[in-house]
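Residue-level structure breakdown
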Amino acid sequence: MRLTVDGTPRHCSLNREDTLLQQGLAAGWPLARSCRNGNCERCFCQLLSGEVIYPDHRRYRAGSTIALCLARPTANIVLGSLPLQPHQRAWRCEIINDTSLLLPAGRSSGLEPACHILLIHDNSITNTTLRRREGRRLTLDAPLASTVPSLGLVLIDAHRCGDWQLHNRACSPSLQWQGLDEDTARQALAVARKGRGQWFVTTG
Ligand code: FES
């Protein structure tokens, strides 16, 4: 059996024994959850296709809202947008030297070596990877060509894709970046607006 998430490239294979929450987490998806007994509603999700069964033997079919923590699949499943854990993906960083950045104080992050990141300058975006993280200090794979004291940094999920484009008004209509998923494009825009740049997002 197979689980797909409508409108995204996310999919995973399914077994009948584990809940959709367990199987989604095993697939590496940061699903929102808390109680794991159907009460908190954090893992609720729309079932678009297929059928699931709860521990009390109730069955739910397409069109139902289901608790992923209770639902075990009995068929191929298509879900609507997943309930994801809020996740910090954007930061304003201080520049230490041409290959090092400093995260804001007290911020933990999902930044791990080899992760993909966008560096948002006033007038340009650099797509690069992280070489190393030591506490708040980040070492980049490629040197920066920036002379400003800080820049925006957005973590990119390389497995997600999209047709959103980020532009700078000063450079419009020249394209600054494309192929961002919607969430990343919005976060990149929010970070850019904290700087001096005049950025905007378009689709397609
Ligand atoms: S984790 Fe609380 S309802 Fe599923």
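Quick summary incoming for the structure in this document. Quick caveat, the model's predicted, so the values are computed rather than measured.

1. Details of the pattern of salt bridges
For the structure on display, the rule yields five salt bridges. Glutamate 51 is the salt-bridge partner of arginine 59, the closest N and O atoms lying 2.9 Å from each other. Arginine 59 sits in the partly exposed class, given a relative accessible area of 45%. For glutamate 51, a relative accessible area of 12% gives the class buried. With its nearest N and O atoms 3.1 Å apart, the salt bridge here joins aspartate 141 to arginine 131.

2. Quick word on the side chain of threonine 139
The topology assignment puts threonine 139 in strand β13 (residues 137-140). Setting aside chain neighbours within four positions, we find threonine 139 in contact with Thr99, Ser100, Leu130, Arg131, Arg132 and Glu134.

3. Some thoughts on the nonpolar core
Grouped together as the largest cluster of nonpolar side chains are 23 residues, with contacts concentrated most on Leu20, Val52, Ile66, Leu68, Ile77 and Leu79. Residue assignment for this core shows that the elements contributing at least two residues are β1 (2-5), α1 (20-26), β3 (44-49), β6 (65-67) and β8 (77-79). Beyond its immediate stretch of four places on either side in the chain, leucine 68 contacts Thr19, Leu20, Leu21, Leu31, Cys43, Cys45, Leu79 and Pro83.

4. Some points on helix α2 (residues 182-194)
With 13 residues, α2 should reach 18 Å at 1.5 Å per residue; the first-to-last C-alpha distance of 19 Å fits that figure. When α2 is considered as a whole, its buried residues turn out to be Thr184, Ala185, Gln187, Ala188, Leu189, Val191 and Ala192. Tucked into the core, α2 has its buried residues touching β9 (90-97), β11 (116-120), β14 (150-156), β15 (164-168), β16 (175-180) and β17 (199-203).

5. Concerning unusual backbone geometry
The phi dihedral of arginine 36 is positive, around 65°, even though this residue is not glycine. Positionally, arginine 36 belongs in the loop between α1 and β3. Positive phi outside glycine occurs at histidine 57, with the angle close to 75°. By the secondary structure assignment, histidine 57 is in the loop between β4 (51-53) and β5 (59-61). For histidine 57, a relative accessible area of 64% corresponds to the exposed category.

6. Thoughts on the environment of asparagine 76
Within the element layout of this structure, asparagine 76 appears in the loop between β7 (72-73) and β8. In this structure, the C-alpha to C-alpha distance between asparagine 76 and aspartate 56, residues 20 residues apart in sequence, is 21 Å. Polar side-chain contacts of asparagine 76 include one of 2.8 Å to the backbone nitrogen of arginine 2.

7. A look at the environment of glycine 80
Looking at the element boundaries, glycine 80 is found in the loop between β8 and β9. Apart from the residues lying within four places of it in its own chain, the contact partners of glycine 80 are Val5, Asp6, Cys45, Gln46 and Leu48.

8. Side note on the pairing of β14
The side chains of a regular strand alternate between the sheet's two faces. β14 sits mainly inside the fold: six of its seven residues count as buried. As paired elements, β9 and β14 share five bridges and run antiparallel to each other. The residue bridging cysteine 93 from the neighbouring strand is leucine 151, located in β14. The sheet contact formed by β11 and β14 spans five bridges and is antiparallel. Directly across from isoleucine 120, in β14, lies its bridge partner glycine 152.

9. Structural notes on the side chain of glutamine 176
Structurally, the position occupied by glutamine 176 is in strand β16. In this structure glutamine 176 touches Asn123, Ser124, Ile125, Leu166, His167, Asn168, Cys171 and Trp199, once residues within four positions along its chain are discounted.

10. What about the sheet that holds β15?
On the basis of which strands lie adjacent, the open sheet formed by three strands has the order β16-β15-β17 and antiparallel pairing. Only two strands of the sheet have a single neighbouring strand rather than two, namely β16 and β17. Here the average twist between neighbouring strands, direction ignored, is 25°. Of the strand pairs in this sheet, β15 and β17 are connected by five bridges, and their pairing is antiparallel. Within β17, the position partnered with histidine 167 by the bridge is phenylalanine 200. Set on the sheet, α2 makes contact with β15, β16 and β17; between it and β17 the angle comes to about 165°.

The rules we used
- Residues numbered from 1 in each chain as written.
- Predicted model: local features only at pLDDT ≥ 70, side-chain atom pairs only at ≥ 80, totals over all residues.
- Heavy atoms only, no water.
- Salt bridge = Lys/Arg side-chain N within 4 Å of Asp/Glu carboxyl O.
- Buried < 20%, exposed > 50% of the residue type's maximum accessible area, 1.4 Å probe, protein only.
- Helix = DSSP H or I, 4+ residues; strand = E, 2+ residues; numbered from the N terminus.
- Contact = heavy atoms within 4.5 Å.
- Core = buried A, V, L, I, M, F, W, Y, C linked by side-chain atoms within 4.5 Å.
- Expected span 1.5 Å × (residues − 1).
- Polar contact = N/O pair within 3.5 Å; in protein donor to acceptor, adjacent residues only side chain to side chain.
- Pairing = 2+ DSSP bridges.
- Axes fitted to C-alpha atoms, helices over the stretch in contact; angles between N-to-C directions.

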